[in-house]
Amino acid sequence: NQENQSGKSVENVKLSISDENLESGDNYLLFVKDDAIISAVSENDVKAEKASKDITPPTVIVLTIGDVNAIVNGETVTNDVAPKIVNDRTMLPIRFVAENLGAKVYWDEYLQRVSIKSRKTDISVEIGKKTAEVTEKIAVYNQKTEDVELDSPAFVENDRTYLPLRFVAEKLGADVQWDDATQTITITKK
């Protein structure tokens, strides 16, 4: 089939398959978990136990300091607040970036805490603190939590919570590139 149940196109997927018995050009039934092909069966019922191919297209976000317009996967999207530089760090209301990277963002007014939850990582940051609590979800019963020092603490301005952009994006598995000449940040998650 050309689409899996989540609707992601898998047309023309090239697999690295460890089983040399599989013929090139066969049609395969692909078994997918967490956006990666974990097994493949050919139309001849020949099975590959170890097939691996991430079928999630990369997410690319381009932000410019002082500009509310961002580019997400080639399309211009308007954010309600522009990224800014504070103490030599790019700060942004993190909901925009985190949600575009597949995470959920929660705000606890009472504790003044932002929680960012993704499939693999949870991040918790209190306003004004220089540390964040990061939980790596290795397995259901094997979760490692650590306190990580922030270059710049989170703050609230005009009812928006600003967090260090690079820290959050990298903890969510993205690569962050800074272009000083154009004052742009490119975030790529494969």
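Coordinates for the structure precede this section.
No experiment lies behind these values; they were computed from the predicted model shown. (Residues numbered from 1 in each chain as written. Predicted model: local features only at pLDDT ≥ 70, side-chain atom pairs only at ≥ 80, totals over all residues. Heavy atoms only, no water.)

Draft legend 1. Representation of the pairing of strand β6 (residues 59–64) within the structure. Along β6, the buried face is formed by Thr59, Ile61 and Leu63; none of Val60, Val62 and Thr64, which line the opposite face, is buried. In this sheet, strand β19 (residues 184–189) lies alongside β6 in antiparallel orientation, the contact comprising six bridges. When the sheet's bridge partners are listed, Ile61 is paired in β19 with Ile187. One ladder, built from two bridges, connects β6 with strand β7 (residues 69–72); its direction is antiparallel. Pairing of Ile61 across the sheet is with Val72, part of β7. Counting the residues between successive antiparallel strands, the hairpin from β6 to β7 contains four residues, one of them, Gly66, with a positive phi of roughly 80°. (Buried < 20%, exposed > 50% of the residue type's maximum accessible area, 1.4 Å probe, protein only. Helix = DSSP H or I, 4+ residues; strand = E, 2+ residues; numbered from the N terminus. Pairing = 2+ DSSP bridges.)

Draft legend 2. Inspection of the pairing of strand β10 (residues 89–93) at higher detail. With four of five residues buried, β10 is to be regarded as a mostly interior element. As judged from the three bridges shared by strand β9 (residues 84–86) and β10, these two strands associate in the antiparallel manner. Each bridged residue has a counterpart across the sheet, and for Lys84 the counterpart in β10 is Met91. Taking the residues that link successive antiparallel strands as the turn, the β9-β10 hairpin has two residues, and the phi of Asn87 there is positive, at about 55°.

Draft legend 3. Focus on the packing of aromatic side chains. Overall, the coordinates contain one aromatic pair when judged by the stated rule. Taken together, a centroid distance of 4.8 Å and an interplanar angle of 5° make the contact between Phe155 and Tyr162 stacked. You'll find Phe155 and Tyr162 in the same group, each marked buried. Here the basic side chain of Lys84 rests over the ring of Tyr162, its NZ or CZ set 5.4 Å away from the ring centre. (Phe/Tyr/Trp six-rings, centres within 6.5 Å; stacked < 30°, edge-to-face > 60°. Lys NZ or Arg CZ within 6 Å of the ring centre and 35° of its normal.)

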